[in-house]
Amino acid sequence: MDVRDLTGKQVLVTGAASGIGKETALACARRGANLVICDLDAVGLSDVEKTIHELGRDVIASRVDVSDAEQMRAFAEAVHGQIEAPDILVNNAGVAIGGRFQDTSIEDWNWIVGINLMGVVHGCHHFIPKMVERGRGGHVVIVASAAGYSASSNLAAYNATKFAVLGLGEALQDELRGDGIGVTVICPGIIDTPITRSARLRGEIGTDKARERMVAAYRKRNYTPARVAGNILKAIGRNRVVAPISAEAWLMYYLKRFAPWLMRRLNVLLSNIQKRQLNND
Ligand SMILES: NC(=O)c1ccc[n+]([C@@H]2O[C@H](COP(=O)([O-])OP(=O)(O)OC[C@H]3O[C@@H](n4cnc5c(N)ncnc54)[C@H](O)[C@@H]3O)[C@@H](O)[C@H]2O)c1
């Protein structure tokens, strides 16, 4: 798909009130697209809605919990009452949990699987059939993570959901090829967004000090969600199936493929550094 000019296209973004979703929605609006946006955060969503209006684009905005099957069904019905089908569907809404498997509760698992995996399943289930039926192609984006191909302690639940949606994206890419619908799984590295504040932290890293250290590290890395949004559009334009974003995401991608033993050693090194920091707290 030519993403340089999205005039007349309909782009749907989940989790559009903040971070990567917000910047992706705005980047598409700046290139001429009309938007459908949803999020749990009604206040943040209405700010984004206002900005899209100011850019002169149409926008449908709804407070929706992507993990709720019934809410997503009703949302899709309402959207399809106004537009035929999205041209680009961006399954972005997501949450994070930091902590070892042994410190992660079943409630935590239900929360993260409900949003990061089932939220994407709901988005695809309700919107892809109309894209296929319309017969004019399009593009499906799944925002996974570099944690979708590189696992480490303290990310067990997050890793599990992101590995899952990467697999879903690869399967969908195969399934939808004949319909002219591309599928791209976006795998960002360390991106400075409010997720560092909303992430649940469990076990020994569940302290204010550990959170502040993480917030500071993400800030220092200084890779902005706006830059991710630009790269998402590039990846759609190139019809990439898996798109690592940021240098660390590319490094992990290649290490995992060509030197998995080095990846494991790097994980041991990083986890030893973290243990030393926690001991010093
Ligand atoms: N920030 C990073 O370093 C990073 C790295 C890799 C992948 N990602 C992924 O990028 C995506 C966006 O994250 P972000 O960093 O922009 O975080 P963010 O917290 O800024 O944005 C996430 C948005 O999703 C919304 N959301 C959460 N639960 C929801 C639900 N149940 N229903 C609807 N909306 C919901 C939030 O309200 C928020 O607006 C996520 O899938 C995340 O896993 C982020």
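In what follows, the structure referred to is the one given above.
Scope of this entry: the structure provided in the associated data block. Along each chain, numbering runs from 1 in the same order as the chain's sequence is written. Owing to the predicted nature of the model, reporting of local features is limited to residues with pLDDT of at least 70; listing and counting of side-chain atom pairs is limited to 80 or more, with chain, interface and lining totals taken over all residues. The side-chain numbers reported here are obtained from all heavy atoms of the structure, hydrogens and water having been left aside.

1. Details of the site of the ligand
Here is step 1 of the chain: The near set for a molecule or strand comprises every residue that places at least one heavy atom within 4 Å of it. The local shell around the ligand holds 29 residues, among which Ser 18, Ile 20, Asp 39, Tyr 158 and Thr 193 are the closest.
Here is step 2 of the chain: Take Ile 20: an N or O atom from its main chain is 2.8 Å from an oxygen atom of the ligand.
Here is step 3 of the chain: A distance of 3.3 Å separates an oxygen atom of the ligand from a polar backbone atom of Gly 189.
Here is step 4 of the chain: In isolation the ligand offers 820 Å² of accessible surface; the protein chains occlude 94% of this area.
Here is step 5 of the chain: In this description a helix means any DSSP run of H or I spanning at least four residues, a strand means any run of E spanning at least two, and both kinds are numbered starting from the N terminus. Mapped onto the shell around the ligand, the elements with two or more residues apiece are helix H1 (19-30) and helix H5 (156-176).
Here is step 6 of the chain: Residues were grouped as follows: Ala, Val, Leu, Ile, Met, Phe, Trp, Tyr, Cys and Pro as nonpolar; Asp, Glu, Lys and Arg as charged; and all remaining residues, including Gly, as polar. For the shell around the ligand, the per-class residue count stands at 17 nonpolar, 8 polar and 4 charged. Here a polar contact is taken to be a pair of N or O atoms separated by no more than 3.5 Å, where protein atoms must pair a possible hydrogen donor with a possible acceptor and residues adjacent in sequence count only if both atoms sit in side chains. Residue burial considers only the protein chains on display, and all accessible areas are found by Shrake-Rupley using a 1.4 Å probe.

2. Topic: the nonpolar core
Here is step 1 of the chain: Counting 45 residues, the largest nonpolar core has Phe 75 and Val 140 as the members making the most contacts within it.
Here is step 2 of the chain: Looking at this core, the elements that each hand over two or more residues are strand E2 (34-39), helix H3 (69-80), helix H4 (106-134), strand E6 (138-143), H5, strand E7 (181-188) and helix H9 (247-258).
Here is step 3 of the chain: No other element matches H4, which puts 8 residues into this core.
Here is step 4 of the chain: Apart from the residues lying within four places of it in its own chain, the contact partners of Phe 75 are Leu 12, Val 36, Ile 37, Cys 38, Ser 62, Val 64 and Phe 127. Among buried residues, those of type Ala, Val, Leu, Ile, Met, Phe, Trp, Tyr and Cys that are joined through side-chain atoms within 4.5 Å constitute a nonpolar core. To sort residues, take the accessible area from a 1.4 Å probe on protein chains only and compare it with the maximum for the residue type: under 20% means buried, over 50% means exposed, and anything in between is partly exposed. Contact criterion: two residues are considered in contact whenever any of their non-hydrogen atoms come within 4.5 Å of each other.

3. Considerations on the packing of H9 against helix H10 (residues 260-280)
Here is step 1 of the chain: The angle between two axes is taken between their N-to-C directions and runs from 0 to 180 degrees, where each axis is a line fitted to C-alpha atoms and a helix contributes only its stretch in contact. One way to put it is that H9 packs onto H10 with a least axis distance of 5 Å and a crossing angle of 125°. As summarised for this structure, H9 and H10 are arranged oblique, according to the angle between their axes. Where H9 abuts H10, its residues Met 252, Leu 255, Lys 256, Arg 257 and Phe 258 lie against Pro 260, Leu 262, Met 263 and Leu 266.
Here is step 2 of the chain: In terms of residue class, the contact of H9 with H10 is made up of 7 nonpolar, no polar and 2 charged. Geometric relationships in this document are graded by angle, where less than 35 degrees denotes roughly parallel, more than 145 denotes roughly antiparallel, 65 to 115 denotes roughly perpendicular, and other angles denote oblique.

4. Some thoughts on the sheet that holds strand E1 (residues 10-14)
Here is step 1 of the chain: Strands pair, by our definition, only if DSSP identifies at least two bridges between them. Here we have 7 strands laid out as an open sheet, ordered E3-E2-E1-E4-E6-E7-E9, and parallel in their pairing. Of all the strands in the sheet, just strand E3 (59-63) and strand E9 (242-245) have a single pairing partner and so form its edges. Adjacent strand axes in the sheet meet at a mean angle of 15° when their direction is disregarded.
Here is step 2 of the chain: As paired strands, E2 and E3 are joined by 5 bridges and run parallel to one another. Counted as the bridge partner of Asp 39 is Arg 63 from E3.
Here is step 3 of the chain: The sheet strands contacting H1 are E1, E2, strand E4 (88-91) and E7, and the helix crosses E2 at an angle near 170°.

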